[in-house]
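What follows is each chain in one-letter form.
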Amino acid sequence: MSKLRILVPVKRVIDFAIKPRINKAQTGVEKKGVKFSINPFCDIALEESLRIREGNKDLVENIHAVSIGPTKAQDVLRTALAKGADTTTLIDVGEEEVEPLTVAKLLQKVVEKENSNLVILGKQAIDDDANQTGQMLAGLLNWPQATNASKVEISGDKVTVTREIDGGADTLSATLPMIITTDLRLNEPRYASLPNVMKAKKKPLEKLKASDLQIELSKRLETLKVEEPVAREAGVTVESVDELISKLKDAKAL
Ligand code: AMP
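Quick caveat: nothing in here was measured; it's all calculated off a predicted structure. (Residues numbered from 1 in each chain as written. Predicted model: local features only at pLDDT ≥ 70, side-chain atom pairs only at ≥ 80, totals over all residues. Heavy atoms only, no water.)

Novice: What am I meant to see in the overall build of the chain here?
Specialist: The helix and strand inventory of the chain stands at six helices and 11 strands. Split into buried and exposed, the 254 residues of the chain put 42% on the buried side. Looking at the chain alone, contacts between residues at least 24 apart form 72% of all its contacts between residues at least 6 apart. Just so you have it, the chain exposes about 14800 Å², and 50% of that area is on carbon and sulfur atoms. Once the 38 positive and 38 negative side-chain charges of the chain are each reduced to a mean point, those two points are 5 Å apart. (Helix = DSSP H or I, 4+ residues; strand = E, 2+ residues; numbered from the N terminus. Buried < 20%, exposed > 50% of the residue type's maximum accessible area, 1.4 Å probe, protein only. Contact = heavy atoms within 4.5 Å. Areas by Shrake-Rupley, 256 points an atom, 1.4 Å probe, with all protein chains shown as cover. Lys, Arg positive; Asp, Glu negative; His and termini not counted. Charge placed at Lys NZ, Arg CZ, Asp CG, Glu CD.)

Novice: How do you make sense of the site of the ligand when you look at a structure like this?
Specialist: Lining the immediate surroundings of the ligand are 18 residues, of which Ile68, Ala125, Asn131, Gln132 and Thr133 lie closest. One of the backbone N or O atoms of Ala125 is found 2.8 Å from an oxygen atom in the ligand. The separation between an oxygen atom of the ligand and a polar main-chain atom of Gln132 is 2.8 Å. In isolation the ligand has 480 Å² of accessible area, and contact with the protein removes 98% of it. (Near = heavy atom within 4 Å. Polar contact = N/O pair within 3.5 Å; in protein donor to acceptor, adjacent residues only side chain to side chain.)

Novice: Hey, could you run me through the pairing of strand 4 (residues 60-69) in this one?
Specialist: Within strand 4, nine of the 10 residues are buried, leaving the element largely enclosed by the surrounding structure. By the bridge criterion, six bridges tie strand 4 to strand 5 (residues 87-92) in an arrangement that is parallel. By the bridge assignment for strand 5, Val66 is matched with Thr89. This β-α-β element, strand 4 to helix 2 (residues 74-83) to strand 5, shows right-handed connectivity. (Pairing = 2+ DSSP bridges. Right-handed = clockwise from strand over helix to strand, strands pointing away.)

Novice: For this particular structure, what's the right way to read the environment of Val238?
Specialist: Mapped onto the elements of the fold, Val238 is located in the loop between strand 11 (206-209) and helix 6 (241-250). Val238 sits in the partly exposed class, given a relative accessible area of 28%. Spatially, the C-alpha atom of Val238 lies 58 Å from that of Thr88, the residues being 150 residues apart in sequence.

Novice: Honestly, the UniProt feature "domain: Electron transfer flavoprotein alpha/beta-subunit N-terminal" (unreviewed entry) in the chain in this entry has me stumped. Any pointers?
Specialist: This chain's UniProt record puts "domain: Electron transfer flavoprotein alpha/beta-subunit N-terminal" (unreviewed entry) on residues 26-217. As annotated, residues 26-217 has a helix share of 30% and a strand share of 31%, and its two end C-alpha atoms lie 23 Å apart. (UniProt positions renumbered as here; feature names shortened; annotations may be inferred.)

Novice: Explain helix 4 (residues 133-141) to me, please; I cannot follow it from the model alone.
Specialist: Within an α-helix, residues lying three or four positions from one another point in the same direction, as the helix has 3.6 residues per turn. Regarding helix 4, the residues found buried are Thr133, Gly134, Leu137, Ala138 and Leu141. Down the axis, helix 4 shows its buried residues gathered within 135° of arc, on one side only. Contacts made by the buried residues of helix 4 are with helix 3 (100-114), strand 6 (118-122), strand 7 (145-155) and strand 10 (178-182). Positive phi appears at Asn142, one or two residues downstream of helix 4, with a value of about 60°. (Arc of directions from axis to C-beta.)

Novice: For this particular structure, what's the right way to read the side chain of Asp183?
Specialist: Structurally, Asp183 is set in the loop between strand 10 and helix 5 (194-201). On the basis of relative accessible area, Asp183 is assigned to the buried category, the value being 9%. A polar contact of 3.0 Å, which involves the side chain of Asp183, links it to the side chain of Lys123. Residue contacts for Asp183: discarding those within four places in its chain leaves Phe41, Ile44, Lys123, Asn148 and Ala149.

Novice: In this structure, what is going on with the environment of Lys209? I would like to understand it.
Specialist: With respect to the helices, strands and loops of the structure, Lys209 is situated in strand 11. Separated by 103 residues in the primary sequence, Lys209 and Leu106 have C-alpha atoms spaced 10.0 Å apart.

Novice: Quick question: what am I supposed to make of the sheet that holds strand 11 here?
Specialist: Hydrogen bonding along the main chain pairs the strands of a sheet, whether they run parallel or antiparallel. Read across the open sheet, the nine strands follow the order 9-8-7-10-6-1-4-5-11; overall the sheet is mixed. Each having just a single partner strand, strand 9 (168-175) and strand 11 make up the two edges of the open sheet. Between one strand axis and the next, the sheet turns by 30° as a mean value, whatever way the strands run. In this structure, strand 8 (residues 158-165) lies alongside strand 9, joined through eight bridges in antiparallel fashion. Looking across to strand 9, one finds that Val161 is bridged to Leu172. Along the sheet face, helix 1 (residues 40-55) touches strand 1 (4-9), strand 4, strand 6, strand 7 and strand 10 and points at about 145° away from the line of strand 6. The sheet contacts of helix 4 involve strand 6, strand 7 and strand 10, and relative to strand 10 the element is tilted by about 175°. (Axes fitted to C-alpha atoms, helices over the stretch in contact; angles between N-to-C directions.)

Right, here's the structure in full:
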C-alpha cells in the first residue's frame, strides 16, 4: 500500500461573499480594495485531505498546498498551513491571469517534484468558473479522475468516489495515483485557530516562478469584453388571483 502524498491546489479569488464590480475598461472585475480569500471549492479539497489523514494517520505522508498567483497568494497558503497542510509552494506569476491549461501544466510539474499520488482540486474556481483544471491535469498525467466528489473513501490503493448526479449518485472506483475534484457538499471546511494562524506565519514557504518549472505563461484566449447582465424590468404586485390571470392573459402567457 502506498502512503498518500496529497497535492491540494488552492486559488486566491475574490471572497465569495463580495459582489464583484466590472472595471471601467470592461476587461475584467475590479480588484483594488477588494477582499480575497481561498476559493471555496479548494477549501473543501484541503478539508478533505485533512479528514483523510485524521481518519487514518498512517495513511498520509504529506499534504502539500500549491497556489499559482500574485505574491499575495501566499496568504491563502498561510491559511492552508494554519489549517494543517504540511508544506506549500507559491508559483508567483505576478498579476498575470493564468489559463487552466497552463495551471494544469504547472501542476503537472509540481506533482512530479513532490512525488504526489493524489491530487484533490476544487471542481471550479469561482472567478473564472472554468471547471477545467482537474480534468486537464488528469489528461496530462494520464491518471484516472473522479470529478464533483460528494464522498471519498480510501482503502489501500483503491479510492471510491461518490458523485452527485441529477436524481441519484454515481459511484466510481480507481487505483492510485488519481485526480479528484470536490463538490460543495463533500464537507464543511474548518476555520483556522488563531494560534495556528500565528504559527503558520513562521513556517517556510517555497517560492518559484513558472520559468523555474520550464513552463511558459502563454495565452490561448483573449477576453473581448466583460459586461453586467441586462437589468431586469421591475415587476408589478397584483391584488388578486383574478388580476394575475387577467395579466397573464394580456401577456399571452395563458
Ligand atoms: P478552474 O478549472 O479554473 O475552474 O479551477 C478548478 C480548480 O483548479 C481550483 O478549484 C483549484 O483547485 C485549481 N486551480 C485553478 N487555478 C489555480 C491557481 N491559479 N492556483 C492554484 N490552483 C488552481
